[in-house]
Amino acid sequence: MIEQKLLLVDDQPANLVSLEAVLEGEDRTLLKAHSGQEALKILLKEDISLVLLDVQMPGMDGFEVAELMRQRKDTQTIPIIFVTAISKEKKYVFKGYQAGAVDYLFKPLDPLILKSKVDFFLGLDKQRRELQAKLKEAQAHRAAYEAGKTRGEEGSGHSS
């Protein structure tokens, strides 16, 4: 069973509590960060499947967090859903997608939409992880086969 970790980032504790209430589930761990800096520390230590990221935070905003994530090889492919109360103006939405967002949700959040979008991205992450595991297994089988083939040729005693 694949355990997936979601990183919830919001400077308002009440928002984290409501996200947690909607997203709790089996086979998923919810990690919470109250700032961009805290989120980046968690991303360095944990294998995260999906980030829900508030745009407006003091210090480092969500756009900056996303841009820093996209610069690091180990975090650049983690899907980011921006969660925001700022206006739906195209320039903000576009800036979010430019920073690496895969989706945008506007507060107040609709729990059903939030849950279905998160479930969709976790489904993709699960497929990716299963494919990686199968690839690793196939590579190990091939390496074992090649090693056995080499040993078989050396031990066959054929001389010219």
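Each remark here, short or long, concerns the structure printed above.
On a predicted model such as this, the values are computed, not experimentally measured, just so you know.

Student: Even after reading the chapter, I still don't get unusual backbone geometry, so can you show me in this structure?
Tutor: The phi torsion of most residues other than glycine is negative, and most of the peptide bonds are trans. Across the junction of K107 and P108, the peptide omega takes the value 0°, indicating a cis bond. Positionally, P108 belongs in the loop between β5 (101–106) and α5 (111–154).

Student: Mind showing me how you'd approach the sheet that holds strand β3 (residues 50–54) here?
Tutor: Pairing between sheet strands relies on hydrogen bonds along the backbone, with the strands arranged either parallel or antiparallel. One open sheet accounts for 5 strands, arranged β2-β1-β3-β4-β5; its pairing is parallel. The outermost strands of the open sheet, each flanked by one partner alone, are β2 (28–33) and β5. Pairwise comparison of adjacent strand axes, ignoring direction, gives a mean angle of 20° for this sheet. Packed on one face of the sheet, helix α2 (residues 36–45) meets β1 (4–9), β2 and β3 and runs near 140° to β2.

Student: I would appreciate a short explanation of the side chain of Q4 in the present structure.
Tutor: Along the chain, the position of Q4 falls in strand β1. For Q4, the side chain forms a polar contact with the main-chain oxygen of L122, separated by 2.8 Å. Separated by 2.8 Å, the side chains of Q4 and D125 make a polar contact.

Thresholds, definitions, all that
Residues numbered from 1 in each chain as written. Predicted model: local features only at pLDDT ≥ 70, side-chain atom pairs only at ≥ 80, totals over all residues. Heavy atoms only, no water. Helix = DSSP H or I, 4+ residues; strand = E, 2+ residues; numbered from the N terminus. Pairing = 2+ DSSP bridges. Axes fitted to C-alpha atoms, helices over the stretch in contact; angles between N-to-C directions. Contact = heavy atoms within 4.5 Å. Polar contact = N/O pair within 3.5 Å; in protein donor to acceptor, adjacent residues only side chain to side chain.

Function-wise, these values are silent; they only describe arrangement.
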